[in-house]
Amino acid sequence: MKKAILLFTGLTSTHLLQAATAATELEGSFKIGPAIILIAILLTFILVGIYFRAKDTTDYYAAGRGISKVGSGMAIASNWMSAASFLGMAALMYGYGYHGLAYVVGWTGGYVLLLILMAGQIRKYGKYTAADFIGDRYYSRALRALGAVIAILISIAYCVGQFGGIGLMFKWIMGIDYALAVIIGGAVVLTYTLISGMLGVTKNMQIQYVIIIISFLIPLFILTYKFDYFWLIPQIGYGSAVSDIVSGIPLAETQQLYNSLGHHFAIAPSPEYAMPWDTASGQSFFQWIAIAFSLMIGTAGLPHVIQRFYVVPKARDARWSVVWGLFFICILYWSAPAYSAFGKILSANPEVGKLAKDAIVVYTAQLGNVNPLIVGLLAAGGVSAAFSTVSGLLVAGSSAFAHDLYVKSFRPDSSPRRQLLVARIGTVIMAIIVTLLALPQWALIGQLVAIAFSLAGCTIFPLFLLGIWWSGSNRQGAVAGVIVGLLVSAVSLTYSLVGDSLPYYDFVSYWLGAWYFAWIGAPLAIIANIIVSKLTTPTPLEIRKFLIENVHS
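Everything numeric in this text was worked out from a predicted model, so none of it was measured.

Rules and cut-offs
- Residues numbered from 1 in each chain as written.
- Predicted model: local features only at pLDDT ≥ 70, side-chain atom pairs only at ≥ 80, totals over all residues.
- Heavy atoms only, no water.
- Helix = DSSP H or I, 4+ residues; strand = E, 2+ residues; numbered from the N terminus.
- Contact = heavy atoms within 4.5 Å.
- Areas by Shrake-Rupley, 256 points an atom, 1.4 Å probe, with all protein chains shown as cover.
- Salt bridge = Lys/Arg side-chain N within 4 Å of Asp/Glu carboxyl O.
- Buried < 20%, exposed > 50% of the residue type's maximum accessible area, 1.4 Å probe, protein only.
- Core = buried A, V, L, I, M, F, W, Y, C linked by side-chain atoms within 4.5 Å.
- Patch = residues over 30% accessible without salt bridge, like charges linked within 9 Å, V, L, I, M, F, W, Y side chains within 5 Å.
- Phe/Tyr/Trp six-rings, centres within 6.5 Å; stacked < 30°, edge-to-face > 60°.
- Lys NZ or Arg CZ within 6 Å of the ring centre and 35° of its normal.
- Axes fitted to C-alpha atoms, helices over the stretch in contact; angles between N-to-C directions.
- Parallel < 35°, antiparallel > 145°, perpendicular 65-115°, else oblique.
- Left-handed = near helix turned anticlockwise from the far one by under 90°.
- Nonpolar A, V, L, I, M, F, W, Y, C, P; charged D, E, K, R; others polar.

1. Comments concerning the overall build of the protein
The helix and strand tally for the protein stands at 23 helices and zero strands. Put simply, 85% of the contacts in the protein that link residues at least 6 apart link residues at least 24 apart. Accessible surface, the protein: about 20,600 Å² in total, of which carbon and sulfur atoms supply 68%.

Here's what the structure looks like:
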């Protein structure tokens, strides 16, 4: 390689070498600097939550509908940039190379879909939650309750991966057991969500975005500068690192080039890393497309994403908040592949050992000999990313529990005070369930989150798409579509959990993989909705009139 990469003058003492070695392990001693940074950030979240705490149900569910376009865009970006984005995307590309880009394309494309098809219309419809829209649009209390249950299941599935990311980062910073780290992190995020509700959560998300993006970009500038790549725009400069991975870096060119463990900076040629759908990754062209498609439509069906459009004053603000959100999201999404490329080179030496993929962002900074405090800030940014998403999910899930199940389905005469109490009880129950599910490390964070996207794509997305854009979709069609979507989801998840003891396991696990079963589930649900709607009683006139005059005017 013709560049001066990672020139180090240190590494002269055994003490420094041992310290660097310890820094690359999740297990280890308490890290005082990173811990102080993390505690300060968490205290800031709690104080903001207290100051902007929810005073009534409108604050708790929809932030009083007083958030600006830019502020909502920052909150959308923060809410979206979960542990799956901050930690998981680099992990997927580190492990699968080009195939991991399917997640970047799917998650980003989903917001474009939302901008074009749903953002303004959802705000014009004027409901608090996804289940509220479903119940009103399809004039069915049972569908509202079912929508609420689905929203809760999606929120729980999404939260599991986030709690896993929190556990990994708390484990690294605090030097504690993974299970204890998950419990402590979950308790903190639960505390400030209970205090603040959506108003405090939305304000927190704006602060969290600043923390997330600063903590993510600073190490990247440092790494590209040390590697002598184009550090002024690291997102462009990392392309040379990909070329080095593909062509390899001979040992003869790295005699004075080391990672933080003192290993020569050589890497064998790995052309499969940048090859589309290379067989070496174990993934196919179909799987790449299926993942991208499922994540895209799943994004447009996530309850906590849809709920963000209710916090702005007007429909026009909802559309612009998506535009700003996309801008803020792309800053991080454009940067994540660089961590996977640098991590691939820095960890190439066999003596580094097997690294946890989901922590590769932190490992990359450590192996690049970035200052420990900056690495600590990076880890704290990962925690912030998980917290911002978890808080939104808990509010969305608790809103479905209190507003759509308890009030709309069982106790319509319930007082606002009691509604807020029930919402907080629902939040606690959800947090306990998610904590228990997060203790076993089922899969990579990005893959766990993809389950929630596919479930949303099979169930809620078809209801919103047809409910907004086709007035002919009626209650019976909606029921048929949801049943079909849930059946496809159940088959996929059953085969994923039970394993190869089931018949036709190889066929089903390939075509209905847990990360992408919405590629077929969503179209089937839409077709079932259309067919049954055509064969049954038409949509009531008042619903059709409302869509024309209020939603599409």
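Continuing now.
2. Considering the pattern of salt bridges
As enumerated under the stated definition, the model contains one salt bridge in all. When the shortest N-O distance is used, the salt bridge between Asp132 and Arg144 registers 3.3 Å. A residue pair is termed long-range when its members are at least 10 positions apart, and Asp132 in helix 8 (residues 130–137) and Arg144 in helix 9 (residues 141–174) qualify at twelve residues. Overall, Arg144 belongs to the buried group, its relative accessible area being 11%.

3. A look at the nonpolar core
Ranked by size, the top nonpolar core spans 158 residues in total, and within it Trp80, Trp107, Phe342 and Phe464 carry the most contacts. With 18 residues, the top contributor of residues to this core is helix 9. In this structure, Phe342 is in contact with Leu220, Leu223, Thr224, Phe227, Tyr229, Tyr238, Ala241 and Thr364, ignoring residues within four places of it in sequence. Tyr406, Val407, Val422 and Ala423 belong to the second largest nonpolar core, which has five residues in total.

4. Quick notes on the environment of Ala157
Within the secondary structure layout, Ala157 lies in helix 9. Expressed as a C-alpha distance, the spacing of Ala157 and Val434, which sit 277 residues apart in the sequence, is 7.8 Å.

5. Some details on helix 15 (residues 336–346)
Most of helix 15 is tucked away: ten of the eleven residues are buried. The complete set of buried residues in helix 15 reads Ala336, Pro337, Ala338, Tyr339, Ser340, Ala341, Phe342, Gly343, Ile345 and Leu346.

6. Looking at the side chain of Gln235
When you line up the elements, Gln235 lands in helix 11 (residues 234–247). Accessibility expressed as a relative area gives 11% for Gln235, which makes it buried. Residue contacts for Gln235: discarding those within four places in its chain leaves Leu217, Ile331, Trp334 and Ser335.

7. Considerations on a nonpolar patch on the surface
On the surface, a nonpolar cluster with roughly 820 Å² of combined accessible area is contributed by Phe221, Tyr225, Phe230, Trp231, Leu232, Ile233, Ile236 and Trp334. Structurally, Trp231 can be placed in the loop between helix 10 (178–227) and helix 11. The class for Trp231 is partly exposed, based on a relative accessible area of 37%.

8. Focus: the packing of aromatic side chains
Enumeration over the complete set of coordinates arrives at 20 aromatic pairs. A ring pair is formed by Trp324 and Phe327, whose centres lie 6.2 Å apart and whose planes are at 85 degrees; its orientation type is edge-to-face. Residue Trp324 and its partner Phe327 are located together in helix 14 (residues 315–333), separated by three residues, close to a single helical turn. Residue classification places Trp324 among the partly exposed positions, given a relative accessible area of 33%. Through a chain of ring-to-ring contacts, three or more aromatic side chains come together here, namely Phe286, Phe507, Tyr510, Trp511, Tyr516 and Trp519. Seen from the ring of Trp172, Lys31 lies directly overhead, with NZ or CZ sitting 4.9 Å from the centre. In this structure, Lys344 packs its charged tip against the face of Tyr94, placed 5.6 Å from the ring centre.

9. Some points on unusual backbone geometry
Located in the positive-phi region is Tyr139, a residue other than glycine, with phi close to 40 degrees. Residue position: Tyr139 is located in the loop between helix 8 and helix 9. Residue class for Tyr139 comes out partly exposed when judged on its relative accessible area of 24%. Of note, the phi angle at Asn369 is positive, near 60 degrees, even though the residue is not glycine. Structurally, Asn369 can be placed in the loop between helix 16 (360–367) and helix 17 (372–410).

10. Here's the deal with the side chain of Ser155
Relative to the helices and strands, Ser155 is located in helix 9. Setting aside chain neighbours within four positions, we find Ser155 in contact with Leu393, Ala396, Gly397 and Met430.

11. Digging into the packing of helix 19 (residues 445–469) against helix 20 (residues 475–498)
The interhelical angle for the contact between helix 19 and helix 20, taken along N-to-C directions, is 165 degrees, at an axis separation of 8 Å. Looking at the two axes, helix 19 sits roughly antiparallel to helix 20. In this structure, helix 19 meets helix 20 at a crossing whose hand is right-handed. Contacts between helix 19 and helix 20 involve Ile451, Leu455, Cys458, Thr459 and Leu463 on the former and, on the latter, Ala478, Gly481, Val482, Gly485, Leu486, Ser489 and Leu493. Per-class residue counts for the contact of helix 19 with helix 20 are eight nonpolar, four polar and no charged.

12. Section: the packing of helix 6 (residues 101–117) against helix 19
Relative to each other, helix 6 and helix 19 sit at 20 degrees, their axes nearing to 13 Å. With respect to helix 19, the element helix 6 is oriented roughly parallel. As for how helix 6 packs across helix 19, the hand of that crossing is left-handed. Contact with helix 6, carried on its side by Tyr103, Trp107, Leu113, Ile116 and Leu117, involves Gly446, Gln447, Val449, Ala450, Phe453, Phe461, Leu465, Ile468 and Trp469 of helix 19 and no other residues of that element. A class-by-class count of the residues in the contact of helix 6 with helix 19 yields twelve nonpolar, two polar and no charged.

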